[in-house]
Amino acid sequence: MAQKLGGMDFASFYVANRTLKEGRGLYTMNHQQWESQWSKYVDFAPQHGNEPAYIYPPTLAILISPLTTLYWRTDLLLWRALNVLIFAISASVLSLLLADRLVDPLVFTVAAVWTPSYANLYAGNTNGLVLLSIVLFLFFASRCRSDAAGLALSAGLAIKPYEAPLLIYLGWRREWRKLLAVLIGLVVILGIIIAPLNWHNLVEYWRTGAWLSFVAPPLGPAVWFAHPRIQSFYAFFYRAFTANPYGPSIANSVTVARLLTLLASSSLLLIIAYLTWPRRGEEPRTFALQVGLVIAAMPLVEAFGEYFHLMVVIVPFLLCWYATASRVRRGVLIAALLLIDVQGVFWSDLVGRTPLLSLGTYGMVLIFCVAASSLHGLQMARFVEDVGE
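These numbers come from a predicted model, not from an experiment.

Calculation notes
Residues numbered from 1 in each chain as written. Predicted model: local features only at pLDDT ≥ 70, side-chain atom pairs only at ≥ 80, totals over all residues. Heavy atoms only, no water. Phe/Tyr/Trp six-rings, centres within 6.5 Å; stacked < 30°, edge-to-face > 60°. Buried < 20%, exposed > 50% of the residue type's maximum accessible area, 1.4 Å probe, protein only. Helix = DSSP H or I, 4+ residues; strand = E, 2+ residues; numbered from the N terminus. Axes fitted to C-alpha atoms, helices over the stretch in contact; angles between N-to-C directions. Left-handed = near helix turned anticlockwise from the far one by under 90°. Contact = heavy atoms within 4.5 Å. Nonpolar A, V, L, I, M, F, W, Y, C, P; charged D, E, K, R; others polar.

J.: Looking at this model, I keep getting lost on the packing of aromatic side chains. Mind explaining?
T.: Working definition: an aromatic ring pair is given by the centre-to-centre distance plus the angle between the planes. According to the stated counting rule, one finds 14 aromatic pairs in the structure shown. Geometrically, the ring pair formed by F236 and F237 is edge-to-face, given 5.0 Å between the ring centres and 75° between the ring planes. A relative accessible area of 24% places F236 in the partly exposed class. Taking the relative accessible area as the measure of exposure, F237 reaches 13% and is therefore buried. Relative to Y362, the ring of F236 lies with its centre 6.0 Å away and its plane at 75°, an arrangement referred to as edge-to-face. One end of the pair, F236, is in helix 11 (residues 233-241); the other, Y362, is in helix 16 (residues 359-388), with 126 residues separating them in the sequence. Residue Y362 is classed as partly exposed on the basis of its relative accessible area, which comes to 28%. Aromatic rings pair up to connect F10, F13, Y14, Y56 and W79 into one cluster.

J.: When you look at the packing of helix 5 (residues 105-113) against helix 14 (residues 314-323) in this model, what are you seeing that I'm missing?
T.: The geometry of a pair of packed helices is captured by two quantities: the angle between their axes and the separation between those axes. In contact at an axis separation of 11 Å, helix 5 and helix 14 are set at 145° when each is read in the N-to-C sense. Of the two possible hands of crossing, helix 5 and helix 14 adopt the one that is right-handed. Only I314, F317, L318, W321 and Y322 of helix 14 make contact with helix 5, whose side of the interface consists of L106, V107, V110 and A111. Within the contact of helix 5 with helix 14, the residues separate by chemical class into 9 nonpolar, no polar and no charged.

What follows is the structure, encoded as structure tokens:
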């Protein structure tokens, strides 16, 4: 019954905060010690016995302190209420960015039916904060406030390094001022605010490689990566080419699954590199669409692309919708939205039908294709204008 109420991820943050208050290290405990901590503070066991005890930066475990004063289920309700507010603020910022008004009906309608946000609420994860960080980054960048944009992105990175690919993008595009602002923000948040409070755990976070959990592929066979909740390329090919309990597979070869994942991920990265080539003379309005292209690819190329990570994909979805008037492209976007929502609502009913367990993956690929097509169209229009001049 406890697990049906959700909140698994918030429980991890809650236990981490209580562990810090005991003066213990977050990243040096073994599985048995971590499970012992859980048994003291929450009413069910950790879900993944092969996970590190805590894979997030110590920032979140410290900042969540005001929400760890009551019984953890009560604090979970407060955390969920806070996340609803954060999502509403993100929708308002997107409305300002895309429609120049505080409440845009289309933005809020899409937000209301964006199923990954409800999955995030159920799990109690931090993707709402990541989303707010991204939309503030885009909003300030659109107002030519590079310093504020960089600081907004650094705040999200300090909580969850999910947005790290955007740093690579900024470096690739030679957006040095924005990149410098992000790095300064991280130094301020981690080095000046967090480190004095919890220097030991900050060092251990980097030393033990816990941060790699967000970017590194699994090193050995793990049936968890075939779970329908995972919507990355790796999970798609793992379900198709390895034996798993969720449906029939074409073969049983982890090597084939990894090679195909590498091929698909590399293809996306090459497309991004081409469309964001740093020597291309482009208008500032294309910057947001380039960022959207990178965000659309992030859940696909990470190994552990949980369904609630798709919460941030609402950004490229809306950017693409407002960037095009094409009925075909908007039709593709609507199809992508339906695929993502059906995945979130009906995934448990689709077990046994392997091709249907990756509807969210198909939806993200469609959004990526629309973003790439829209961006290429803007670049070609600019090229034609330059030739005409």
